[in-house]
Amino acid sequence: MANRPFDVIVVGSGPGGGIATYALAKAGLRIALVEAGPQLHAGVDYNAHGSPYQNLEACLKAGLHRPFRSVWERAEREHFTAVGDSPGHGLLRALGGRSLCWAGHSLRFGPLDFQRWPISYDEVAPYYSKAERLMAVYGARDGLSNMPDGDFQKPVAMRCAELMLKRGAERLKQQGRGMELIGLRKAMPTELRPGQRAKCHYCGHCMQGCEVDSKYTSANTPIPRALETGNLTLFTGVMMTRIVMDPTGRRVAGIECVNRQGVSDRLQARVLVLSCSAIETARHLLINKTREFPSGLANSSGHVGKNLTSHFGLTVTGYFPQIRNRDASNDDGTDYYHALLTGLYWDKPNPNFDGTYQVQCGSGVHPIGMAIRQAPGYGSSLKRELKDKNVCHAGMNMQGALLVSPKKFTDLDPERRDRWGLPLPRVHLHYEQNDVAMAQDMVNTCEEIVRIAGGEVLSTPGRVTVEKLQIDYNHWVGTARMGRDPKTSVVNTDGQTHDITNLFIADASVFAAYPEKNPTLTNVALSWRTSDRLIEKLRRGELG
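## Quick word on the pattern of salt bridges
It is possible for side chains bearing opposite charge to pair when their charged atoms get close.
Here's step 1: Going through the model one piece at a time under the given rule, you end up with 39 salt bridges.
Here's step 2: Note that aspartate 532 is salt-bridged to lysine 130, the shortest N-O span being 3.7 Å. With a gap of 402 residues between them, aspartate 532 in helix 9 (residues 520-539) and lysine 130 in helix 3 (residues 121-135) connect regions that are remote in the sequence.
Here's step 3: Judged by relative accessible area, which is 22%, aspartate 532 ranks as partly exposed.
Here's step 4: Residue lysine 408 is joined to glutamate 432 by a salt bridge in which the shortest nitrogen-to-oxygen separation is 3.0 Å. Of the two residues, lysine 408 sits in the loop between strand 15 (393-401) and strand 16 (409-417) while glutamate 432 sits in the loop between strand 17 (423-429) and helix 8 (433-452), which places them 24 residues apart along the sequence.
Here's step 5: With a relative accessible area of 1%, lysine 408 lands in the buried category.
Here's step 6: One network of salt bridges, in which partners are shared, links Glu76, Arg93, Glu280, Arg283, Asp418 and Arg419.

## Things to note about helix 4 (residues 160-174)
Here's step 1: Across its 15 residues, helix 4 extends 22 Å between first and last C-alpha, which sits within 8% of the 21 Å expected from 1.5 Å per residue.
Here's step 2: Among the residues making up helix 4, those that are buried are Ala161, Glu162, Met164, Leu165, Gly168, Ala169 and Leu172. Viewed end-on, helix 4 has its buried residues packed into an arc of 155 degrees, placing them on one side of the element.
Here's step 3: Structurally, helix 4 contributes buried residues whose contacts are with strand 5 (180-183), strand 13 (337-342), strand 14 (357-363), helix 7 (380-392), strand 15 and helix 8.

## Digging into the packing of aromatic side chains
Here's step 1: Counted under the stated rule, the structure contains 13 aromatic pairs.
Here's step 2: With a centroid separation of 4.9 Å and an interplanar angle of 70 degrees, the aromatic rings of tyrosine 336 and tyrosine 337 are classed as edge-to-face.
Here's step 3: Taking relative accessible area as the criterion, tyrosine 336 reaches 16% and is therefore assigned buried.
Here's step 4: Here the aromatic residues Phe109, Phe114, Trp117, Tyr121, Tyr128, Phe511 and Tyr514 are joined through ring pairs into a cluster of three or more.
Here's step 5: The ring of phenylalanine 409 has lysine 306 lying over it, and the distance from NZ or CZ to the ring centre is 5.9 Å.
Here's step 6: Against the face of tyrosine 319 rests lysine 389, its NZ or CZ located 4.8 Å from the ring centre.

## Overview of the pairing of strand 17
Here's step 1: The buried count for strand 17 comes to 6 of 7 residues, which makes it a mostly enclosed element.
Here's step 2: Sheet topology places strand 3 (residues 81-84) next to strand 17; 4 bridges connect them, and they run parallel. What sits directly across from alanine 82, in strand 17, is valine 427.
Here's step 3: Summarising the sheet, strand 16 and strand 17 pair through 5 bridges and their orientation is antiparallel. Across the sheet, residue threonine 410 finds its bridge partner in strand 17, namely valine 427.
Here's step 4: The antiparallel pairing of strand 16 with strand 17 creates a hairpin that spans 5 residues between the two strands, and glycine 421 there sits at a positive phi of about 85 degrees.

## Let's talk about the pairing of strand 9 (residues 252-259)
Here's step 1: As paired elements, strand 8 (residues 238-245) and strand 9 share 7 bridges and run antiparallel to each other. Looking across to strand 9, one finds that methionine 245 is bridged to valine 252.
Here's step 2: If you look at the hairpin formed by strand 8 and strand 9, you'll find 6 residues sitting between the two strands, and glycine 249 has a positive phi there, around 75 degrees.
Here's step 3: In terms of strand pairing, strand 9 meets strand 10 (residues 264-274) through 5 bridges, oriented antiparallel. Looking at the pairing, glutamate 256 lines up with arginine 266 of strand 10.

## Let's talk about helix 3
Here's step 1: The end-to-end C-alpha distance of helix 3, which contains 15 residues, comes to 20 Å, matching closely the 21 Å that a straight helix rising 1.5 Å per residue would cover.
Here's step 2: Those residues of helix 3 that sit buried are Tyr121, Val124, Ala125, Tyr127, Tyr128, Ser129, Ala131, Glu132, Leu134 and Met135.
Here's step 3: Looking at the buried side of helix 3, the elements it contacts are helix 1 (15-26), strand 4 (137-138), strand 6 (186-187), helix 5 (222-228) and helix 9.

## Remarks on the state of the cysteines
Here's step 1: Applying the stated rule across the entire model yields 0 disulfides.
Here's step 2: Free of any disulfide, cysteine 206 has its nearest cysteine sulfur in cysteine 200, 5.9 Å distant.
Here's step 3: A residue is classified by how much of its surface remains accessible, and cysteine 206, at 7% relative accessible area, is buried.

## Some words on the environment of tryptophan 72
Here's step 1: If you trace the backbone, tryptophan 72 turns up in the loop between helix 2 (56-61) and strand 3.
Here's step 2: For tryptophan 72 and leucine 192, which are 120 residues apart along the polypeptide, the C-alpha to C-alpha distance reads 29 Å.

## So, the nonpolar core
Here's step 1: In terms of nonpolar packing, the biggest core is built from 84 residues, with Val8 and Trp117 touching the most fellow members.
Here's step 2: Tryptophan 117 has contacts with Phe109, Met482, Val510, Phe511, Ala512, Ala513 and Leu526, leaving out every residue within four places of it along the chain.
Here's step 3: Judged by nonpolar contacts, the second largest core, of 49 residues, contains Ile323, Cys361, Cys446 and Trp476.

## Some points on the packing of helix 4 against helix 8
Each pair of packed helices can be summarised by the angle the axes make with each other and by the distance between the axes.
Here's step 1: Helix 8 packs onto helix 4 with a crossing angle of 105 degrees between their chain directions and a minimal axis gap of 7 Å. Relative to helix 8, the element helix 4 lies roughly perpendicular. From helix 4, Leu165, Gly168, Ala169, Arg171 and Leu172 reach across to helix 8, where they touch Glu448, Ile449, Val450 and Ile452.
Here's step 2: Considered class by class, the residues forming the contact of helix 4 with helix 8 number 6 nonpolar, 1 polar and 2 charged.

## Things to note about a nonpolar patch on the surface
Here's step 1: Together, Tyr53, Leu56 and Leu60 make up an exposed nonpolar region whose accessible area comes to about 360 Å².
Here's step 2: Relative to the assigned elements, leucine 56 resides in helix 2.
Here's step 3: Exposure remark for leucine 56: the relative accessible area of 31% places this residue in the partly exposed category.

Conventions adopted
- Residues numbered from 1 in each chain as written.
- Predicted model: local features only at pLDDT ≥ 70, side-chain atom pairs only at ≥ 80, totals over all residues.
- Heavy atoms only, no water.
- Salt bridge = Lys/Arg side-chain N within 4 Å of Asp/Glu carboxyl O.
- Helix = DSSP H or I, 4+ residues; strand = E, 2+ residues; numbered from the N terminus.
- Buried < 20%, exposed > 50% of the residue type's maximum accessible area, 1.4 Å probe, protein only.
- Expected span 1.5 Å × (residues − 1).
- Arc of directions from axis to C-beta.
- Contact = heavy atoms within 4.5 Å.
- Phe/Tyr/Trp six-rings, centres within 6.5 Å; stacked < 30°, edge-to-face > 60°.
- Lys NZ or Arg CZ within 6 Å of the ring centre and 35° of its normal.
- Pairing = 2+ DSSP bridges.
- Disulfide = S-S within 2.5 Å.
- Core = buried A, V, L, I, M, F, W, Y, C linked by side-chain atoms within 4.5 Å.
- Axes fitted to C-alpha atoms, helices over the stretch in contact; angles between N-to-C directions.
- Parallel < 35°, antiparallel > 145°, perpendicular 65-115°, else oblique.
- Nonpolar A, V, L, I, M, F, W, Y, C, P; charged D, E, K, R; others polar.
- Patch = residues over 30% accessible without salt bridge, like charges linked within 9 Å, V, L, I, M, F, W, Y side chains within 5 Å.
- Areas by Shrake-Rupley, 256 points an atom, 1.4 Å probe, with all protein chains shown as cover.

It is worth stressing that arrangement in space is one thing and function is another; only the former is reported here.
Structure, rendered in structure tokens:
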């Protein structure tokens, strides 16, 4: 390997790394993609369509709650140290990373969201369109000011109880409240088109791993297309253990890595792209201290690991007895959530907190599990009660923009190490009054929507406390944020680190500010944009 220099090494194959690999290989560059996990095969390594009895005994022995093969069986749980208010962090080491288990929610950040970025919405919009076409995003053209429409395939209809919630939201709008309840937008084909992935057949297994490869993942779309160019060399089961600097100490020369057999080697490249996730990218930068960079690579600003944020929330459940006798046999679909409450406080901020939230709305009888699992009764009466509650319920799950502050960050654990001998990351989370106030507004608003729509509140957190809040462990961003000032940011507007010319970051670490919207589509769009900027810099000879 040491005698085979590449143009670019990409480390990490999730949403950012997958699209970077495709864009760079398509441009004719020689790419090495390094992924610590294995390559999994849809329908084989994960297969919710398979017989639950085939793997029942093994699943029970492993303590798993679902008797079928799911990508979640491979998720790591001891890969970080939690500090504070029960932070979580998801890590799936496999080709495609967490794109294998995401829900497919694909929402554009809007012009208001980019006001705190060093780049504008208009600069990112062309890459949103390219990403939506490649990912096969479905949705309706809703005409919202701060969640722009995209290049969509035909939308998926809301379920009955979600339409009941829409009735409630419309009634509040008539009273002057700012909100919209729309159908969700997801990266799953709903139309037959030449050369694309299989059309979704609405089995609802999306987050367990799509066994027919309909849902977009890095492993089923950009990486295979990159391999078709002949310019990609794929290294799976290979963990980066060190970033190697050149003799000047100011440029990356390559990486050291170890394979699953424990054999170490070195890869050389003109450029290194980190796409390891917000937590893992920060960890690798902090681990690699040198004489020139004593606080970690690309960290002269001291902002690596800082500005950490995710989404957080809680859940309100409504019950609509007026739809009790409906036919629930067609409640399958693209997983649980089909609707989205959005548009809250875009134009008129709430005086009690900064930022805003959205609410993912789902309902119906799910094909692989019941949303309502507890009810009074026994035997046939219990069964009737559970069926009734699941047929008539609507779940409203908050996704709030967590306040950025010095109380939320990631650093290195001084004691714990992983199986490669590298320090584990620590994730620090301390909720603040802003977070609690936002969550309380969500509870009050959702209860109001349920009641004004003619429903009953089946379950609610009521008065919000820190202990009731739940973090989204897959949505962490911001640990290597983008900015124009090297003293307050880690990368420039091209995703290039201020300190090291040939080191780029192409994942959600670079987010300069975080709205309530899901991060993946923006992650893909920015990574594609960064890749194009990298290509131009190489062609102009700026990267050596």
